[in-house]
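Topology and contacts: notes
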Amino acid sequence: MATFRLEVTVRDLRRDDLPGCGWAGGPGHLGFVTVALRRAELGEVEYLAVCPPTDLPLAIGGVDYTRRPGAGTLWQLAVHPAVRSCGLGTLLIGAAERRIAERGHDRAELSVAEDNPRARALYERLGYLAYGREPEEWNVVTPDGTVTRHRATCVLMRKPLH
Ligand SMILES: CC(C)(COP(=O)(O)OP(=O)(O)OC[C@H]1O[C@@H](n2cnc3c(N)ncnc32)[C@H](O)[C@@H]1OP(=O)(O)O)[C@@H](O)C(=O)NCCC(=O)NCCS
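Residues numbered from 1 in each chain as written. Predicted model: local features only at pLDDT ≥ 70, side-chain atom pairs only at ≥ 80, totals over all residues. Heavy atoms only, no water.

In the nomenclature of an unreviewed UniProt entry, the protein chain corresponds to GNAT family N-acetyltransferase from the organism Amycolatopsis antarctica.

For the rest of this paragraph, the subject is the overall build of the protein chain. Along the backbone of the protein chain there are 3 helices and 7 strands. In the protein chain, the order of α-helices and β-strands from amino to carboxyl end is β-α-β-β-β-α-β-α-β-β. In terms of overall dimensions, the protein chain is globule-like: its C-alpha atoms have a radius of gyration of 16 Å, near the 15 Å expected for 162 residues. Projected onto its principal axes, the C-alpha positions of the protein chain cover 45 × 40 × 40 Å. By residue count, 40% of the 162 residues in the protein chain fall in the buried class. Restricting to contacts in the protein chain with at least 6 residues of sequence separation, those with at least 24 account for 60%. (Helix = DSSP H or I, 4+ residues; strand = E, 2+ residues; numbered from the N terminus. Rg over C-alpha atoms; globule rule 2.2 N^0.38 Å. Buried < 20%, exposed > 50% of the residue type's maximum accessible area, 1.4 Å probe, protein only. Contact = heavy atoms within 4.5 Å.)

Turning to the site of the ligand, a few remarks are in order. Neighbouring residues of the ligand: 18 residues in total, closest S85, G87, G89, T90 and R118. S85 places a side-chain nitrogen or oxygen 2.8 Å from an oxygen atom of the ligand. Contact distances for the ligand include 2.7 Å between an oxygen atom and a backbone N or O atom of G87. Against a free-state accessible area of 820 Å², the protein chains account for coverage of 74% of the ligand. For the shell around the ligand, the secondary structure elements donating two or more residues are β4 (72-79), α2 (88-102), β5 (107-113) and α3 (117-125). The leading source of residues in the shell around the ligand is α3, at 5 residues. By residue class, the composition of the shell around the ligand is 9 nonpolar, 6 polar and 3 charged. (Near = heavy atom within 4 Å. Polar contact = N/O pair within 3.5 Å; in protein donor to acceptor, adjacent residues only side chain to side chain. Areas by Shrake-Rupley, 256 points an atom, 1.4 Å probe, with all protein chains shown as cover. Nonpolar A, V, L, I, M, F, W, Y, C, P; charged D, E, K, R; others polar.)

Right, let's talk about the pattern of salt bridges for a bit. In a structure, side chains of opposite charge can pair up when their charged atoms sit close to one another. Counted by the stated rule, this structure contains 21 salt bridges. For E44, the salt bridge identified is with R39, shortest N-O distance 2.7 Å. Salt-bridge contacts for E136 lead to R67; the nearest nitrogen and oxygen are separated by 3.4 Å. With E136 in strand β6 (residues 129-141) and R67 in the loop between β3 (59-64) and β4, this residue pair connects regions lying 69 residues apart in the sequence. Since its relative accessible area comes to 36%, R67 is described here as partly exposed. (Salt bridge = Lys/Arg side-chain N within 4 Å of Asp/Glu carboxyl O.)

Right, let's talk about the sheet that holds β6 for a bit. Strand order in the open sheet made by the 7 strands is β1-β2-β3-β4-β5-β7-β6, with mixed pairing throughout. Bordering the open sheet on either side are β1 (9-12) and β6, each of which pairs with just one other strand. Taking each pair of neighbouring strands and ignoring which way they run, the sheet shows an average axis angle of 30°. (Pairing = 2+ DSSP bridges. Axes fitted to C-alpha atoms, helices over the stretch in contact; angles between N-to-C directions.)

Before going further, it helps to examine the packing of aromatic side chains. Taken as a whole, this structure holds 2 aromatic pairs when the rule is applied. Residues Y47 and W75 carry aromatic rings whose centres are separated by 5.8 Å and whose planes lie at 65° to one another, so their mutual orientation is edge-to-face. Placement of Y47 in strand β2 (residues 45-51) and of W75 in strand β4 is noted, with a sequence separation of 28 residues between them. Its relative accessible area of 2% is what places Y47 among the buried residues. (Phe/Tyr/Trp six-rings, centres within 6.5 Å; stacked < 30°, edge-to-face > 60°.)

Mapped onto this numbering, the UniProt entry gives "domain: N-acetyltransferase" (unreviewed entry) at residues 8-162. For residues 8-162, the helix share is 24%, the strand share is 38%, and the end-to-end C-alpha distance is 25 Å. (UniProt positions renumbered as here; feature names shortened; annotations may be inferred.)

Under the 1.5 Å per step criterion, the end-to-end length of α2 is 21 Å for 15 residues, consistent within 8% with the ideal 21 Å. Looking only at α2, the buried set comprises L88, G89, L92, I93, G94, A95, A96, E97, R99 and I100. The positive-phi residue at the C-terminal boundary of α2 is G104, with phi of around 90°. (Expected span 1.5 Å × (residues − 1).)

Put into structure tokens, the structure is as follows:
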């Protein structure tokens, strides 16, 4: 076993990053990220990327400022599968929380599907508390290009930012 250290920076995700972000979701996911980047231009959301010196994103995720009044809502968090459980998700969430605080909000929110206990465990470790449950629906694009609605019960979580 060898140890390898990598310096990373956090910056805004750009459209020209998208061709290199296919790992972030299933087919069609980048279409949803493209929509989010358009909303970023309007100031409704921020979309972050964690990059090594190559400047290619290894982790990406958004903050939506319109979903819950007075809070930034983290969503579409994804870390490259090859480097999960290495701390990049924690780093990305910390950077997103700082962005939320810089916008003058004192609360971060997120929702996590009930069938994603590992992600929920991470959020709890980072100080997020469950305060409710909500059925959610989102589009999923299958490999043949068909768009289907995915339904799941999600746990709503929040964290005060001081
Ligand atoms: C959830 C996710 C963003 C966390 O990023 P990460 O860089 O792996 O997180 P960290 O290294 O900071 O922390 C690791 C913890 O993340 C959680 N985790 C959730 N899903 C995970 C996965 N597929 N692989 C590894 N860790 C995962 C675990 O609690 C893990 O702790 P453990 O290794 O002790 O089990 C990332 O794993 C991921 O992209 N998962 C798939 C997509 C997803 O589930 N997104 C969240 C939707 S709400």
